Each structure stands twice: as C-alpha cells, then as structure tokens.
Amino acid sequence: MDAFEESKNDMNIWIFFSQPSTTIFLHGFSASSHLILLLVLSISWACKRPTLPTLENSKPMLKNTHFLYYWLALIACIGLSFCDLLLCVLNYFSGYTNGWSDLKLVAQLDFAFRTLTWFVISAYLQIQFSHSSERKFPILLRIWCAFYFLMSFSYFIIHLSLYWKYSSVPVLLWVSDAVSIISSLFFCYAGLFGKGQKVEDLHILEPLLKTSSSRNNGDKGQGSSVGVESVTPYANVNLLSMLTFAWMNPLLALGHKKTLDLEDVPQLANCDSANMVFARFENELESDGNGRGNVNQVSTLKLAKALILSTWIEIRWTTLLSIVCTLASYVGPYLIDTFVQYLNNPDQVKYKGYVLVFIFFLSKLIRALSDRHLSFLLRKMAIEVRAALFAIIYKKSLKLSSQSKQGHTSGENINLMSVDVERTGIFSWYLHDLWRVPVQIVLALLILYKSLGLASLAAFVAALILMLANVPLGNLQEKFQGELMDSKDRRMKVTSESLRNMRILKLQGWEMKFLAKVIELRNFETRWLKKLLYTSAMTSFVFLSAPMFVSMVTFGFCVLMGIPLESGKILTALATFEILQGPIYNLPDTISMVIQTKISLDRIVSFLCLEDLHPDIVQTFPKDSVEVAVEIVKGNFSWDLHSPNLTLKDLNFRVYHGMRVAVCGSVGSGKSSLLSCILGEVPKISGVIKLNGMKAYVAQSPWIQSGKIVDNILFGKEMNGERYEMILEACSLKKDLELFAFGDQTIIGERGINLSGGQKQRIQIARALYHDADIYLLDDPFSAVDAHTGTHLFKISIDQSAVDTSIPHQIEEFLVSIVGFLGTAAVMSQVAWQMLIVFIPMTVTCIWYQQYYTSAARELSRLIGVCQAPIIQHYAESSLGSTTIRGFDQEERFMDTNLKLVDGYSRPKFYFSGAMEWLCFRMDILASITYAFSLVFLISMPKGVLSPGVMGLAVTYGLSFSMHGVIWDLSRLENKIISVERILQYSYIPSESPLLVEENRPGCEWPSQGEVDIVDLQVRYAPHLPLILRGLTCTFPGGMKIGIVGRTGSGKSTLLQALFRMVEPSAGQICIDGINISNIGLHDLRSRLSIIPQDPTMFEGTLRSNLDPLEEYTDGQIWEALDRCQLGDEVRKQERKLDSTVTENGENWSVGQRQLVCLGRVLLKRSKLLVLDEATASVDTATDYLIQQTLRQHFSESTVITIAHRITSILDTDMVLLLDNGVILEYDSPAKLLEIKSSLFAKLVKEYTRRFSS
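In this text the structure is predicted, and so the values were computed from the model without any measurement. (Residues numbered from 1 in each chain as written. Predicted model: local features only at pLDDT ≥ 70, side-chain atom pairs only at ≥ 80, totals over all residues. Heavy atoms only, no water.)

Enquirer: Help me understand the overall build of the chain, please; the structure alone is not making it clear to me.
Expert: For the chain, the count of helices and strands is 42 helices and 20 strands. When the 1254 residues of the chain are sorted by exposure, 55% land in the buried category. Only carbon and sulfur atoms are counted for the fraction: they give 61% of the accessible area of the chain, which is about 54,200 Å². (Helix = DSSP H or I, 4+ residues; strand = E, 2+ residues; numbered from the N terminus. Buried < 20%, exposed > 50% of the residue type's maximum accessible area, 1.4 Å probe, protein only. Areas by Shrake-Rupley, 256 points an atom, 1.4 Å probe, with all protein chains shown as cover.)

Enquirer: Is there a simple way to think about the sheet that holds strand β20 (residues 1223–1228) in this case?
Expert: By way of backbone hydrogen bonds, the strands of a sheet pair with one another, either parallel or antiparallel. If you walk across this open sheet you meet the six strands as β14-β17-β18-β11-β19-β20, and the pairing is mixed. Both outer strands of the open sheet, β14 (1090–1092) and β20, are each paired with one neighbouring strand and no more. This sheet shows a mean twist of 15 degrees between the axes of neighbouring strands, independent of strand direction. Pairing of β14 with strand β17 (residues 1169–1173) involves three bridges; the strand directions are parallel. Its bridge partner being in β17, Ser1090 is matched across the sheet by Leu1170. Strands β14 and β17 of the sheet are contacted by helix α39 (residues 1151–1165), whose axis makes an angle of about 165 degrees with β14. (Pairing = 2+ DSSP bridges. Axes fitted to C-alpha atoms, helices over the stretch in contact; angles between N-to-C directions. Contact = heavy atoms within 4.5 Å.)

Enquirer: Before we go on, may I ask you to explain the packing of helix α9 (residues 249–257) against helix α29 (residues 836–880) in this structure?
Expert: Helix packing geometry: the angle between the two helix axes and the distance between the axes. At their nearest, the axes of α9 and α29 sit 8 Å apart, and the two run at 90 degrees to each other. What the angle tells us is that α9 and α29 run roughly perpendicular. In contact with Leu251, Leu252, Ala253, Gly255 and His256 of α9, α29 contributes Tyr852, Tyr853, Ser855, Ala856 and Leu860. Class assignment of the residues belonging to the contact of α9 with α29 gives a composition of seven nonpolar, three polar and no charged. (Parallel < 35°, antiparallel > 145°, perpendicular 65-115°, else oblique. Nonpolar A, V, L, I, M, F, W, Y, C, P; charged D, E, K, R; others polar.)

Enquirer: How should unusual backbone geometry be read in this particular structure?
Expert: Comment: phi is negative for the bulk of residues other than glycine, and the bulk of peptide bonds are trans. The omega torsion of the bond from Trp1006 to Pro1007 falls at -10 degrees, within 30 degrees of zero and hence cis. Turning to its location among the elements, Pro1007 is positioned in the loop between α33 (964–987) and β9 (1012–1019). Located in the positive-phi region is Phe245, a residue other than glycine, with phi close to 60 degrees. By the element assignment, Phe245 lies in the loop between α8 (239–244) and α9.

Enquirer: Honestly, the sheet that holds β9 in this entry has me stumped. Any pointers?
Expert: As summarised here, the arrangement of the four strands in space is β10-β9-β12-β13, forming an open sheet in which the pairing is antiparallel. Lying at the two open borders of the sheet, with one neighbouring strand each, are β10 (1029–1036) and β13 (1075–1076). As defined by bridge partners, β9 adjoins β10 across six bridges and the pair is classed as antiparallel. Each residue of the ladder has a partner; that of Val1012, found in β10, is Phe1036. The strands touched by helix α34 (residues 1052–1059) within the sheet are β9, β10 and β12 (1067–1072), with β9 carrying the most contacts at an inclination of about 115 degrees.

Enquirer: Any chance you could explain α33 here in plain terms?
Expert: Here α33 contains 24 residues, and its C-alpha end-to-end distance of 35 Å stays within 8% of the 34 Å for a straight helix at 1.5 Å per residue. By the burial criterion, the buried members of α33 are His964, Val966, Ile967, Trp968, Asp969, Ser971, Leu973 and Ser979. (Expected span 1.5 Å × (residues − 1).)

Enquirer: How should the side chain of Ser33 be read in this particular structure?
Expert: Relative to the helices and strands, Ser33 resides in helix α1 (residues 20–47). Residue Ser33 is classed as buried on the basis of its relative accessible area, which comes to 11%. One polar contact links the side chain of Ser33 to the main-chain carbonyl oxygen of Phe29, over a distance of 2.8 Å. (Polar contact = N/O pair within 3.5 Å; in protein donor to acceptor, adjacent residues only side chain to side chain.)

Enquirer: Please explain the nonpolar core as it appears in this structure.
Expert: Note on soluble globular proteins: their nonpolar side chains tend to be buried together. Ile121, Phe187, Phe281, Leu303 and Phe360 are the most contacted members of the largest nonpolar core, which totals 196 residues. It is helix α31 (residues 891–940) that provides the largest number of residues to this core, a total of 23 residues. In contact with Leu303, other than residues within four places in its own chain, are Phe281, Leu285, Val298, Leu389, Leu601, Ile604, Val605 and Leu608. (Core = buried A, V, L, I, M, F, W, Y, C linked by side-chain atoms within 4.5 Å.)

Enquirer: Please clarify how the packing of aromatic side chains should be interpreted in this entry.
Expert: Under the criterion given, the structure shown has 33 aromatic pairs. Pairing Phe910 with Tyr911 gives two aromatic rings, centres 5.4 Å apart and planes at 80 degrees, and the pair type is edge-to-face. Comparing Phe910 with Tyr911, the two get one shared label, buried. By the ring-pair criterion, three or more aromatic residues cluster together here, those being Tyr234, Phe245, Trp247, Phe376, Phe910, Tyr911 and Phe921. Lying across the ring of Tyr334, Lys450 places its NZ or CZ 5.0 Å from the centre. Seen from the ring of Trp528, Lys531 lies directly overhead, with NZ or CZ sitting 4.4 Å from the centre. (Phe/Tyr/Trp six-rings, centres within 6.5 Å; stacked < 30°, edge-to-face > 60°. Lys NZ or Arg CZ within 6 Å of the ring centre and 35° of its normal.)

Enquirer: I would appreciate a short explanation of the packing of helix α12 (residues 312–344) against helix α13 (residues 350–397) in the present structure.
Expert: Two elements in contact, α12 and α13, have axes separated by 8 Å at closest approach and are oriented at 155 degrees. Classified by the interaxial angle, the pair formed by α12 and α13 is roughly antiparallel. Considering the relative orientation of α12 and α13, their crossing is left-handed. Partitioning the contact of α12 with α13 into residue classes produces 19 nonpolar, nine polar and seven charged. (Left-handed = near helix turned anticlockwise from the far one by under 90°.)

Enquirer: Just checking my understanding: could you explain helix α24 (residues 721–730) for this structure?
Expert: Note that an α-helix has 3.6 residues per turn; residues three or four places apart therefore point the same way. Among all positions of α24, only Tyr724, Ile727 and Leu728 are buried. Angular distribution of buried residues about the axis of α24 spans 100 degrees; they occupy a single face of the element. Counted as exposed and oriented over 90 degrees from the buried face of α24: Glu722, Glu729 and Ala730. Residues of α24 that are buried make contact with α23 (709–714), α25 (734–739) and α26 (757–770). Looking one or two places after α24, you find Ser732, whose phi comes out positive at around 55 degrees. (Arc of directions from axis to C-beta.)

Enquirer: What is the right way to read the environment of Val120 from this model?
Expert: Structurally, the position occupied by Val120 is in helix α4 (residues 102–130). Since its relative accessible area comes to 16%, Val120 is described here as buried. As a C-alpha pair, Val120 and Cys77 span 43 residues in sequence and 9.1 Å in three-dimensional space.

Enquirer: Explain the environment of Ser993 here, please?
Expert: Along the chain, Ser993 turns up in the loop between α33 and β9. Ser993 sits 90 residues away from His1083 along the chain, and the two C-alpha atoms are 9.9 Å apart. Beyond its immediate sequence surroundings of up to four residues, Ser993 is in contact with Arg1061, Glu1064 and Leu1082. Polar side-chain contacts of Ser993 include one of 3.1 Å to the side chain of Arg1061. Looking at Ser993, its side chain comes within polar contact range of the side chain of Glu1064, at 3.3 Å.

Keep in mind these numbers describe shape, not what the thing actually does.
Here it is in structure tokens:
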C-alpha cells in the first residue's frame, strides 16, 4: 500500500499536508543541513588524506577498529541510511502514482540527501578508524551528532503538535522520528565518549611511562596501599549499565553486607586519576596559545580558561544533557492544554489519551535520564577541578621563596585548600545555569505566548524587574563575601598559630589572652557573616516570591486586556511558572556562587603569582672528578630584595670535597643564611654559586614527617640493611628504638609528641647520612623545634564554614522539598483517593531503596572525610619542610605523594556521586511510572465524574512529582551534619583542669621561696601506657640551682611537664612552697612560674606583643629586658623599634634571636621559680655563656631548674638530679658526684669531654 496515498476516511494521512508550508520548511531545512555537512565532510576528507598504517602504529589502529564506540556509531549511521533510503523509495512511488507536488519534491530531496550523507559518514568512519592513527571522533562529527539529535527531537515535537491539530500524521514519519532520535542518541554517545580509547591505548605503553612515583618508600598516601585493587567498572561499562548506574551495584551490595573500607573502593580510571587530570590542567595553564606560558603570570581569566579546557569533554557532555533536560522539562507544560482539551471533548478517541500519557511518561523518563547523568558528570567534573587545584597549589608551595611565605601565612593557605578549592569545585554545579536560566526563561515565554498571547510580555517584564532587582543585591554579596573571607583568614591565622604553639601558650599562661583574640576576630567575622546572610535572605525572598509575582502580573494583564483564561491555558501557565521557579530560584544562588567563585579564584591566583625561588641561583653539577665541592664568587645576598641592607655581602670561598668546615659567629650574624645561600634559598643580588655533587641538609629546626621512623630515615631511598644499621648506630638511635614497642616501625604523630627534641634531631641527621650525599649541610643539628599542626586546623575551617552557611541553607532546601512532595501527593490524591494505591507502594519502594543505599553511602561519606584531611595535613607539613625537601631534591616524590592522596580522596567522592545518582535515578523512574499510572487512571474515569480542570491540576502538579528531591536534600544534610558531629566530638574531648579554682587561690606573693617538694611522683601519658616517672621523691630547696640530666627517654621533660601540670600525676604530688599544685587552678600555677622552652617560639605581630602579650609592663621595663638579653642594640637598629614586625613563626628572626626573646620574657616576669628546658640549644657557646651569666645575676634568689644538652652549663649548679628510665639514680652536688668516679654523672661528663675534645 502506498504510504502517502490519500484515502476517504478520517485517518487520511494527507490531511497532515494541509499545512504544507510548515512541512516544506522542515524538509528544506533538513535537506540543506545534510547537504552542507556533505560538502564540508568532502572538503575535509580531500584536504586531510588518511595515512597508511605503519609498523609503529598498526596495533593501536587495529584496536581502534573494534572498539565499542566505533561500532555504535557505525551501526547508527548505517541504520539511518537504510531508514532514509526506505522513505526515499516510498515517497518516490507516491509521487509517481499520485503526482509530484512541491511538498513531495522537497521531501524527496531531503530523503535523498539524508541517505547519501549517512552513507558517506559510514564510509568516512570506516576509513578514519581503520587506516588512520586518529583515536577520537573528528570535531565536525561531534558537533553534527549533537545538532542532529536536537533537530530530530524538535521535529518530533512539531509533528506531535501537528498531529493534535489535524488528528493524523503518516506512520512512517513517526517511525522516522523514532529511528532518528534513537540512532542520534547512539551516535552522540559514541562521538562524545570516543575519547576513552586514547586513554586505553596508554596501557600499551604503561611500563615505559613509569616514573618515580612507583618508588613509594617513605610515601604515606593511601594510593600506595591499593595498587592491586580493581579499576572502576565505570571505565569499561556497557551502555545499559551506564544509563541505569548499574555499575554501582557491586559496591552497594558489598556496602549493604559489611562496613566499607578504602580497600573496598575500586581505583579510578586512568583518565580520571589526579596525575592525568593535573597533566591536562597544567598543560592548558602553562600555554598562552603559542605554546608558551608562565604559572607566575597567571590571571583569574587564564586560570578559569585552563579549568574549562581541561574539563572540556565533561562540559560538552553536560551541555548536551542540559539542553535535553531543559527541552524535556517543557514538553509537559506544552501539552497540558492539549490534555485538558482532550478531557473536555467527550468525542475524543481513547487511544489519543494513551498516546498523551505515553508522551508525558517518555518526557519524564528522558528528563530523569538526562538530569541524573547531568548531575553525575557535574560531580565528576567537580572532582577533577578539585584534583587540579589541589595539585597546582601544592606544587606551587614547594617552590615558594621565603619572602613569599612570609606574605602568605599557613592559616590563609589552609583556607585556600579547604575553602577556596572546595568552592571552585562546587561551582561546576552552577556552570550551565549561566546560559541555561536565560534559555529556560525564553522557552517559558514562548509557551506562554502560545497560550496567553501578549500577556507573555507582561510575564517577561515582571521577570526582568526581578532580575534587575538582583543587581544591587549581587554587588552587596560580592563585597560582604570578600570581607568575610578576609576576616576568616585573620581568624584562621591566629587559630593556626595558637594550635601550633598551644604548649607554649599553656606553659606561659597565655591561653585566655589568645582565646580572647580568637573570639574577637570571630565576632568581627560574624558581623560580616550576618550581613552576607541577610543579603542572601533578601535575595532568596525576592526570587522565591517570583512565581507568585509573575503569575499575578500575567493573569492580571489578561483580565485587563480581555484575554480569555481557559482552564487549559491557566494550567499551562501554572506548569510553566512551576518549572520557571527552578531557574528563578537558582538564579540568586548562581549569582552568589559566581561572586564567591571569582573571589576564590582571585585568591588562588594571588597565591600562584607569588614569587618562586629562582632556579638559577645555584649552578649544580655532578661530582665527577672535580675537587671543589662548593664555591661562591663575589656573592651578595639578601632575604629582602627591596632592602638596602644585604644579608650577606662580598662572599668568596671554596670548599673542597672531604673538607669539614665549621661556620661560627654570634647570634644573627648570618650563619644559617650562609647555608641557605648554598641551598639556593636566599635571593641572589650578584655573584656565582657552584655545587659539584649531591647534597643533603639538616635544618636547625628539625622537620619530621608524620609516619614511620624508618620512612623518615630512608626518605625515598631503597632499603640497604647494612648501611641502615650502621647509620642507626652512628646516630645513637638504637637505644631510642629499643624504647619503642614497634621499633623503627613506630608511627610518629603529626606533632611529634612521642619523640623528644633530641630524637627528632638525630632522626634527621640519620636521614642525611643515609642519603649518601657528596655535600652535607648541617645547621646547628642539636637544636629542636616542635612539629606543625595540620589536621585540626583543616577538621575547624571546613566544619565551621559548613555550620555558618551550608547547614542552614541545606535545612531550608530539605524543608522546601518535603513540603513540595507532600503538597503534590495531597493534590493528586485529592483528585482521586484511589491514587494512594499507587503512591503507597511507590513510597515504600523508595524507602527500601534509600535504606539499601544508606549503608554504603554513609561509609563512602565517612571515607571522604577521612581521606580529605591527609591532603591538607601533607600540604601543611610539606610547606613547613619545603627547605628540607628541596635540600634533598625530593620535590617530585612529594608531588607524587600529593597526587596519591588526592586520588585517595577522589575515589570515595566519585563513588558517592555514583551512589547518589543510582538512588535518584531509581526514584525518578518510580515517580515516572506512578505518574503514568495516575494519568491512565484519570483518562479511564467516566466522563463527568471529575472536572477536567481539576484533573488538569493533578497533571500539572504531577509533572514535578518525585521523591528524589527529598532524599537528595536529606542525604546532603546528613553529610553536612557530620560537621556538627565533628565540632561536638572535638568539644567533648576531656579538657584540662579548671584555669581557676576560686576556693583555692594562692596569695599574690606565691611562690615566695620557690621550694619544690616531690613525693612519690608517678606519671603516665595515658591509662593504658606504662609509667614514665616511677615514684620520684626529692626536694629542690628554694633559691637553689638544680640541673637535671639523663639519656634520651629518662623522663627529664616529663618531670617538667608534671611541674606545669601539662600532664597530671597518676599518683603522688608536687608541692611548691607548701601548696599542692594539683589543688589550685592551672592559670594560677603557670602564670606564677617562668620557663624558657626548648622550642624558641615567636608569634605573628610585633616585638612588643611577643615580649609582653598581656600588656603588663612599661616600655622602659621592656628595653631593660632587651638590653639584659643582648638584643637591645639589634632592636634599636630597626626602624620601628619595639613595634618591629614579627612574621608567622618568627621566620624573619633567627632561631638564636628567638631564644633571646624567650629569655627577655622571663627577665620581665622575674618569677621565683624558673625552668630552662635546653634553653641554649639554639645559640652559640659565647651567647650561651652570656645567658648563663644573665640568669645567675638576675635570678640569684630564684629556684632555677635546668635541663641542658651541654653538660658544662650545669657544672656550676648547686644540685644535679640524674634520671634513668623514670627513676632517680643520683641526686647531689656536681662536685661530690664528680669525686665518685663510678657515678653515672661522672661518666657522662667524661664522655662529653672526650667527644668535645675530639
């Protein structure tokens, strides 16, 4: 039977052509499009001839011929070609039989060009992938596949509208539309996913691409422990599994059976690994279009461009899915009027209602599919953005000059990693809203114009007014957001410093002062936070009321203009406004995120633009046979290039291989700066530095990584057992390791709490020796400084930010979702209670799915938090030890560790995203099926039982019916609430004893004598740990000088901590001047004692605030203390005198100067009880003598308790206490102990003298 032959019944297919102009235009546009593609493809083919396979590329090309994407594309092209050929033949016979009208001629051209074009594309693909080294679809075909899908979908909608108007459309056109849409989907999938083969081919060369990252000795990243795990099934997923997220089934099933660990989470695909993502991003960032570029010259625009280009594939995919989702979302509102007309007409045939139901169901299904995959790919893109930014910031931190570090504090940098990177990643969610919102508004206005005519202009004006109202609000938000981030930086800086130096704050009794500073900064931050939230609330109010406002204006205009308001048109408008509510509601969030992301990118760019160490400061050569190891010729160096005063000037010297050179000088003379020059750390004004051989460096402030002791010693080198044992013996570490239960496998905490200062220093000396270098640079290797704190500062920044802004907003979203879901269910059930029969099982199924999903999702969420903190910790740790890392040329290994940590974080993040979409997809499908059943129920009801308008209202509300919004917001809220749990968990950590005990306040003059009585003192660090001090009993008479000695681990520092109640005794007591110190408040105790600690600590601020943070003394008293501690002359040279700047950690003061500042503090305080905890470790011998003389002069009537690494500094004390393994072995005057040749003290003095003499 002729497919286009006219007949005499109502089903006459040629009634369709009573509107020939529309159909002619459609065929003409299609024919023109295919002809243009055909011409362009032919020209491209002619200009770019395929290369024949060679021996080198034959294997990859053979593999390309059979890959999945190619076959999908080829099948789709051949199918379309045959379908169009069939239509061409049928149309030809129709024209031959019934005559050739203009319509048939244009249609014939269209079908002919389609057939030819798809045949040519099939041939092109076959040749392209079997005789060329190309591994991805040409850009021309990728653009065409997206365009053809949109054109096919648009034709389907137009044919649908013509069908409802004229009651008939040729069956073959329906077939053509169906084949075109389905085939184009396959073609889109193949064209846009075809890039995957490029990555797959890398596995052929994988053994040749191995880098130093495989050497993971010393690495502590999670990635190193999961190398044998399976790669994500997403990498090799089939089409059905990909569409339904079924590739998540194995992990969800495992999570339902057991608690997931990181080992259970498969690895990422190679193309999604941090290494590959960062390589793509860095390549884009360093290129300026001509293949050249400089990260130091990056701008915000350039950084944003690099992020976009590095995620371009995901952006293309998400753009297509956004378009499909947007179009599908408007199918329902477009057809509501038609559905109401069908219900109003009792003579309508039944099958039309079922066709409408099918279209409604199909549109919701397509919307669900596109929306879920859009969300998943946006999450995946956010993961890649985070990985790229984490890596570039970390890499930059390893290259920063010391001056740049002083300008950017650790608190700011942690905010950069925790807040700004996170916010930039989240912006991926809002990327398409920038164009999608205007498109949705335009589509909505077109539908409104079709239904309400000129009233749509009133809706446009109302929407425009609302958008313009957002301009001043957006400007305010940008201002408040910038001020909020600045105030957050200031608070984090002080918090960082306080946490890092909490031990010093407690020993000095300064906790309350610094707490007051933090609270003051927090209050200042809160003021900006309130302004920002109030502005956001105003913006949200304006746009939440937008649908109601637009509806009132639109319907009011209709009433004024006399435009009839039929139920179908009203419902169409309401449905349109309902959909429009989404983009209008998201618009303030989008604007706010654009503002916040711009600020975050500006902050990241300002960090990336900081000055690096100049790589050409030092000329490095291999050792070979050159005699000279180090040579400096006419060297002039300055830490501050803008300062007229040089740090080191006119340096000329040579050091030959095998020489041992000692650098001497007073405090602040430039000894450490000289070593820094050799390392290339000090900016060079002029001159030449040459190094011949490999170097190793031991810093004055010991830097130890969190992790095993053995990893700190090996530091990336392979284990050589014989050499390793020899190094342990040489560094006197064997005895220390015997004290640890796990020996060299003992984990070192991030603050080094389980290592003494001496142990830390000997470990880094062992590290240098094991490195087997040609040149060793040792910077006063007998001093010791505490480690840096990272995790807590990270676990507070993130959580506080979530509590401030994210959680309140998420609660609001959750409540809105619940109200929306319950309201929709109530409206639809009100129409017919029988719908509850469908709602109830759907809801039960959704709840079951949610319960099934929650087990795995909760653990994945936990793993995200667990794996995120090490990134920040490693960053903070590496920043602190960057000089040591560079000194050993270990930047590449540490960069590899960072990438492994990022992968460890990205893996649970990726699978959590997949789990979320797995759940939401199934809920969307259930909602779509429920909606379809509801519509079938409505059209099956006898006419007149329900008003068509009421039934149309149910249909309108049902368009947005889904439970996934509730589950989505609930899951996000659960994740954010973890921040509250962490803060509560942190706040519930057992605190110290009270700072003040009102009923036991000591007198103002206490202690007046300084006598210390220790009775049966027993101390352990935790209930499950062994005793460190085991029953000490002794008395330190008031005014006497006591020296405490003993080998590492004997309990010297523990005794001092017990004296300051840093650790409480398990038994026994300490009394000072007859008062049991356990009965009084900690502040009363610590504020009456003085200590010069082992680690010379200075805080950011001024010299005055460091000497007198409590503001208790006059300038005259401060100058007097400075003169006594030998710093007065140095400070007077400074331009700002007492207000001279102190940068973070006191980095702009030498370690020796910092120690003298600590001496100045105790000279101001003048306590009756003074403790010196290896106080002269960081100063030269001459300065040590001056300090000792100063202390003897000004603390002659005070009790002075000294722990010293130099035996000579305690030879003139009144009494010596010798500890061993927590027990007092000897306690007498030094003279008496030296007379007894068998005494341990005499042996220690003899050993020290022998070593010093040698």
